[in-house]
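# Examining the three-dimensional arrangement
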Number of protein chains: 2
Amino acid sequence: MHSKTPRQPSATELEPVAGNGLLDRRLLLKYGLGFGASGALATLLPAAAAPPARAPWMNEPGDAFSNYGRPSDHEDGVIRWISDNADVAGNGVSWTPLHSLEGTIVPNGLHFERHHNGIPAIDPAAHRLLVHGLVDRELVFDLDRLLRYPMQSRICFIECGGNSNAAWNRTPPQAAVGYFNGLVSNAEWTGIPLRVLLDEAGIKGEAAWLIAEGADAFAMQNSIPLQPALAEGLLALYQNGERLRPENGYPMRLVIPGLEGVRNVKWVRRLMLAAEPVMARNETARYTDLLPSGKARQFAMVMNARALLTFPASGHELPGPGYYQIKGLAWSGRGRISRVEVSADDGASWADAALDEPVLAKAFTRFRLPWRWDGQRVRLKARATDDSGYRQPQRTELIVERGHHAFYHFNGILTFEINPDGTIRHVYDAADDDGAGDGADIDAGWF
Amino acid sequence: MHSKTPRQPSATELEPVAGNGLLDRRLLLKYGLGFGASGALATLLPAAAAPPARAPWMNEPGDAFSNYGRPSDHEDGVIRWISDNADVAGNGVSWTPLHSLEGTIVPNGLHFERHHNGIPAIDPAAHRLLVHGLVDRELVFDLDRLLRYPMQSRICFIECGGNSNAAWNRTPPQAAVGYFNGLVSNAEWTGIPLRVLLDEAGIKGEAAWLIAEGADAFAMQNSIPLQPALAEGLLALYQNGERLRPENGYPMRLVIPGLEGVRNVKWVRRLMLAAEPVMARNETARYTDLLPSGKARQFAMVMNARALLTFPASGHELPGPGYYQIKGLAWSGRGRISRVEVSADDGASWADAALDEPVLAKAFTRFRLPWRWDGQRVRLKARATDDSGYRQPQRTELIVERGHHAFYHFNGILTFEINPDGTIRHVYDAADDDGAGDGADIDAGWF
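The structure displayed is predicted, hence computed values, not measured ones. As a convention, each chain's residues are numbered from 1 in the sequence order in which they are written. Here every chain gets a letter starting at A, and every ligand a number starting at 1, in the order they are written. Two thresholds apply to this predicted model, a pLDDT of at least 70 for residue-level local features and 80 or more for giving and counting side-chain atom pairs, whereas whole-chain, interface and lining totals are computed over all residues. Hydrogens and water molecules were not included; the side-chain quantities draw on all heavy atoms of the structure.

### Some thoughts on helix α8 (residues 395–402) of chain A
All names here are of chain A. We count it as follows: Buried residues are those whose accessible area, probed at 1.4 Å on protein chains only, stays under 20% of the maximum for their type, while exposed residues exceed 50% and partly exposed ones sit between those limits. Strands here mean DSSP runs of E at least two residues long; helices mean DSSP runs of H or I at least four residues long; both are numbered from the N terminus. Picture the helix axis, draw a direction to every C-beta atom, and the arc is the one those directions span. It only takes one pair of heavy atoms within 4.5 Å for two residues to be counted as in contact.
Burial in α8 covers these residues: Arg395, Thr396, Leu398, Ile399 and Arg402. Seen from one end, α8 has its buried residues packed into an arc of 160°, which puts them on one side. Looking at the buried positions of α8, the neighbouring elements they touch are β14 (289–290) and β15 (296–297). Phi for Gly403, located one or two positions after α8, is positive at around 85°.

The following block contains the structure:
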């Protein structure tokens, strides 16, 4: 039962726990942020607006029911930003506006897109899936048969191996945070465990790779190690409750939790078991990093842990000093996020963020931290640690490891600078301004 | 690492664990249902279809990227079914097609609707929220200020108190299962804990109820006990990651996990703390049950546990004997679902269903059970138990408790009869055919 006279947070508890106004993440749990009782919000926020009048929309009956709803027209700025290749039809990406979203589920209309030759208009009744290669018996499935198979649901993220690649550039890219880091989305996928389909075909002893091919005009091919495919892979038929969206593989796609997006082949028509990878263009010439040693970092497909500030960050502007909730998303292809830390003084001090429950393996985790901005220039960062013990690196550390030709798999810590006028810029922080931090400028070569 | 020669399920393990072909829920975990290794699926399912040819949609570039996606045209039958009141504009409901969905998240376009006088076209910049009544200080909020407040995310269901009311009828209603049980949906809501806003206003000692009013033409009013509002209530601004949909309360609504839908006031413009409930029409004349004793069952707003078969169930037809996965959803306003049992012999024997993780309090839980249909007439049921120890009742038990004038809050066990030709009907089972099972026929009086 709620106490009518909530405990007051002590002066100490309302003091910053790290530099430049970061407050204790536990305040919300302990006091409803203590702000009501302490009046802190009133002191930290602008005065209340004018009292309400009976609104015009209350004077007549409202709009009608609909068979399938749409967002409010007032939200028509919340869109995927399209960046496609003028030279190849339907080749490019569209970015999830993570700076405008909350929680962890990305609505299907805003799930990021990566296509190589457009979205095939597949007739689900005519679509077939072939399972062959190193199997005891070839199998061919139509959708009606697959819909009778045992299914499971799994909430997980899918991130393009090329997400955030502009952060390798010499100069920090300036775009809303979702529009250079939003080739990642999180959804509840439902489908058939690949283990069920492959066991039914009978897996030969020498099989080590699963080679998948899509039914798009590019016939996207990719190789997936058998172990993760069997352990957690799904042939997904549903996305956030409804059937897959066309741009997400309708009527069927692979979902291999934790592996880079290109392995999660869409519109899948063929699953071939093999002893070796197929060495397709998108696992050799692409999604491979040339290291300083001259060796190629290939098949590095597990997406490493990262935390991404979604507010305050590029794409926002702060109206003035006072209280804010710092927010972001963290995820790891290795497992659960165990810790997210936030710094408001360019990395000199860090405070632990609160994590919304449930914290799921290989899925978005929403982190939050109360913050009191004094109106001075500050630099915000967030870094993630996962339950494998992996901690997200500095951009500089990444570049030292991957060199100046790195292009994919960027998961370095990002820094957002808030100016006294409330504008926000993406910057490379002090630790990254030492020359070693100069990545090569990249172009759209990854198309 | 996956064994190339998966263990064979024993004959015993492939034997039914309950009447009429219900199989062990653990088969999937232990053997990928064992079907691959045992060839059981091959024996339980129709032969594979013809091998694939290169499909026409692979011969030319596909469709372009989009700023906001839509479902496939092939899925245009997956819609909310609208049942509105011809006499009052915008008064009625639209039903979530639960029989066509999977997993637990309901996409925003298909979240059920219940409006009393249509969907107000609210200008979010002009909308205000007033907090007043038994408070130390009245507060008025505009959206910009609220967007700076501390937020939390919570996955939970919202169920209309009138959901499934046709199941009180003398004769079993015949409609797709979602179209008489789909006034319930499950989403990730993000918003401001009500405790934060009410503590800031200062809760006076005599306050016991929170009275909420919507900014729709009906000015929907309702009373919520202060304790659940403070413990778990949210002023929700986001739904599955994006801002609320207009039909779900844009720009702000209440979400009080576990309480009947009408308490989750949409388009909320006023929160008044009071010592007594407001005794609004929708908590006196409506959403109240007249008991055999002549007393009214009022303010019974916590939605009790239930399990709902979504497949096989009304709205589906089985193509023939063989293997199927029985699927459904379970939820409870009291807490977590602890157990779902399924019967294929009209309640004579029950088997435990598998529950998809994570199992969250006051949220949809997806249950599944493998089943081998022999093609004979069978009656399927599912029943839920929650972690408070509450177990879903027989329809008859409900009617004995609530009498013949019951209209709201139906959570009895439903029975679906599968005929040898694969057609499926909703029936009242033997236990409910004893006369006591005859509820009064209901009309649209709840409008």
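Once the structure has been displayed, the description carries forward.
### Quick look at the pattern of salt bridges
Quick note on the threshold: For this analysis, a salt bridge means a side-chain nitrogen from Lys or Arg found within 4 Å of a carboxyl oxygen belonging to Asp or Glu.
Here the structure, examined in full by the defined rule, presents 56 salt bridges over all chains. Residue Glu417 of chain A pairs with Arg425 of chain A through a salt bridge whose shortest N-O separation is 3.9 Å. Here Glu341 of chain B ties to Arg339 of chain B by a salt bridge, and the two come within 3.5 Å at their closest N and O atoms. Members of the salt-bridge network, linked through shared partners, are Asp346, Arg377, Arg379, Lys381, Glu417 and Arg425 of chain A.

### Description of the UniProt feature "domain: Oxidoreductase molybdopterin-binding" (unreviewed entry) in chain A
Going by this rule: UniProt positions are given in the numbering used here, feature names are shortened, and annotations may be inferred rather than shown by experiment.
Residues annotated by UniProt as "domain: Oxidoreductase molybdopterin-binding" (unreviewed entry) correspond here to residues 116–277 of chain A. Helix and strand shares over residues 116–277 of chain A are 14% and 35% respectively, and the end C-alpha atoms of the span are 20 Å apart.

### Some details on the pairing of strand β24 (residues 424–427) of chain B
Heads up, the condition is: When DSSP finds at least two bridges between two strands, those strands are taken to pair.
When strand β23 (residues 415–418) of chain B meets β24 of chain B, the two strands line up antiparallel, connected through four bridges. Bridge pairing links Glu417 of chain B to Arg425 of chain B in β24 of chain B.

### Details of the sheet that holds strand β3 (residues 113–115) of chain B
All names here are of chain B. Applicable threshold: Angles run from 0 to 180 degrees between N-to-C directions of axes, and those axes are lines fitted to C-alpha atoms, restricted for helices to the stretch in contact.
Spatially, the three strands line up as an open sheet ordered β1-β2-β3, and their pairing is antiparallel. The open sheet terminates on both sides in strands that have one partner only, identified here as β1 (81–84) and β3. Direction aside, the axes of adjacent strands within the sheet are offset by 10° on average.

### Thoughts on the domain arrangement of chain A
Residues and elements named next belong to chain A. We apply this condition: Where each domain begins and ends follows an automated or database-derived domain assignment. A simple way to read buried area is as the amount of 1.4 Å-probe accessible surface that goes missing from two parts once joined, with both sides added.
With domains assigned, chain A is organised as domain 1 (113–297) and domain 2 (306–432). Of note, the centres of domain 1 and domain 2, computed from C-alpha atoms alone, are 28 Å apart. Taken residue by residue, the interface counts 39 residues in domain 1 and 34 residues in domain 2. Between domain 1 and domain 2, roughly 3000 Å² of surface is buried when both sides are summed, and carbon and sulfur atoms account for 59% of that area. Contact with domain 2 buries area across many residues of domain 1, yet Phe157, Trp168 and Val177 alone supply 24% of it, more than any other trio. Applying the counting criterion to the domain 1 and domain 2 interface returns two salt bridges.

### Looking at the interface of chain A and chain B
Size of an interface, as often reported, equals the accessible area lost when the parts are brought together. Rules: By the criterion applied in these results, polar contacts are pairs of N or O atoms within 3.5 Å in which, for protein atoms, one can donate a hydrogen and the other can accept it, and in which residues neighboring in sequence qualify only through two side-chain atoms. Under the convention adopted here, Pro, Cys and the residues Ala, Val, Leu, Ile, Met, Phe, Trp and Tyr are nonpolar, Asp, Glu, Lys and Arg are charged, and Gly plus all remaining residues are polar.
Counting residues at the interface gives 131 residues for chain A, matched by 130 residues for chain B. When chain A packs against chain B, the two sides together hide about 10500 Å² of surface, and 61% of this comes from carbon and sulfur. Taken together, the connections running from chain A to chain B amount to two salt bridges. Arg243 of chain B serves as the salt-bridge partner of Glu75 of chain A, at 3.6 Å between the closest nitrogen and oxygen. For the pair chain A and chain B, the number of links is 34 residue pairs in polar contact (both at pLDDT 80 or more). The element contributing the most residues to the side of chain A that touches chain B is strand β17 (residues 322–331) of chain A, with five residues. Across the side of chain A that touches chain B, the residue classes break down as 67 nonpolar, 32 polar and 32 charged.

### Some thoughts on helix α6 (residues 194–201) of chain A
Residue and element names in this part refer to chain A. The element α6 is extensively covered by neighbouring structure, given that eight of its eight residues are classed as buried. Those residues of α6 that sit buried are Leu194, Arg195, Val196, Leu197, Leu198, Asp199, Glu200 and Ala201. Of the residues flanking the end of α6, it is Gly202, one or two places downstream, whose phi is positive at about 85°.

### With respect to the relation of the copies chain A and chain B
Both copies of the chain are related through a single rotation about an axis accompanied by a shift along the same axis. Applied cut-off: In this comparison the copies share one frame, found by least squares on the C-alpha atoms of residues holding pLDDT of at least 70 in both.
With an axial shift of 0.0 Å and an RMSD of 0.0 Å, the rotation relating chain A to chain B amounts to 180°. In the structure described here, the two chain copies are related by an operation that fits a two-fold rotation axis. Every residue of chain A has its C-alpha some distance from the rotation axis, and the shortest such distance is that of Pro107 of chain A, at 3.6 Å.

### Points about unusual backbone geometry
Here the bond from Phe311 of chain A into Pro312 of chain A is cis, since omega is -15°, no more than 30 degrees from zero. Across the junction of Glu357 of chain B and Pro358 of chain B, the peptide omega takes the value -5°, indicating a cis bond. Despite not being glycine, Asn20 of chain B shows a phi value in the positive range, around 60°. Mapped onto the elements, Asn20 of chain B comes out in the segment before α1 (27–31). Assessed through its relative accessible area of 36%, Asn20 of chain B is described here as partly exposed. In the Ramachandran plot, Ala219 of chain B falls in the positive-phi region, its phi being about 50° despite a non-glycine side chain. Of note, Ala219 of chain B is situated in the loop between β8 (209–214) and β9 (221–225). Judged by relative accessible area, which is 19%, Ala219 of chain B ranks as buried.

### Focus: the side chain of Asn240 of chain A
By the element assignment, Asn240 of chain A lies in the loop between β10 (234–239) and β11 (242–243). Residue classification places Asn240 of chain A among the buried positions, given a relative accessible area of 2%. Of the polar contacts made by the side chain of Asn240 of chain A, one reaches the side chain of Asn108 of chain A; its length is 2.9 Å. For Asn240 of chain A, the contacting residues outside a window of four places in its chain are Ile105, Val106, Pro107, Asn108, Ala187 and Glu188 of chain A together with Ile105, Val106 and Pro107 of chain B.

### Details of the packing of aromatic side chains
By convention here, two paired aromatic rings are described through the distance between centres and the angle between planes. Residue and element names in this part refer to chain A. Note the following rule: To pair, rings of Phe, Tyr and Trp, with the six-membered ring standing in for Trp, must have centres within 6.5 Å; the planes then decide the type, stacked if under 30 degrees apart, edge-to-face if over 60, and tilted in the middle.
Tallied over the entire structure, the rule returns 22 aromatic pairs over all chains. Between the aromatic rings of Phe141 and Tyr149, the centroid separation amounts to 5.6 Å while the plane-to-plane angle is 90°, which identifies the pairing as edge-to-face. Grouping residues by exposure puts Phe141 and Tyr149 together as buried. When the ring of Tyr287 is compared with that of Tyr408, the centres are 4.9 Å apart and the planes differ by 35°; the resulting orientation is tilted. Here Tyr287 is found in the loop between β13 (268–274) and β14, whereas its partner Tyr408 is found in the loop between α8 and β23 (415–418), with 121 residues between them in sequence. Both residues of the pair, Tyr287 and Tyr408, count as buried. Each residue in the set Phe311, Tyr324, Trp371 and Trp373 is aromatic and connected to the rest through ring pairs, giving one cluster.

### Observations regarding the UniProt feature "domain: Moybdenum cofactor oxidoreductase dimerisation" (unreviewed entry) in chain A
Those places that UniProt annotates as "domain: Moybdenum cofactor oxidoreductase dimerisation" (unreviewed entry) correspond, in this numbering, to residues 300–396 of chain A. The annotated region residues 300–396 of chain A carries 2% helix and 46% strand content, and the separation between its end C-alpha atoms amounts to 19 Å.

### As for the environment of His111 of chain A
All names here are of chain A. Position of His111 among the secondary structure elements: in the loop between β2 (92–95) and β3 (113–115). Residues His111 and Arg80 lie 31 residues apart in sequence; the distance between their C-alpha atoms is 7.9 Å. The contacts of His111, once residues within four sequence positions are left out, are Arg80, Thr96, Val106, Ser185, Trp189, Gln239 and Asn248.

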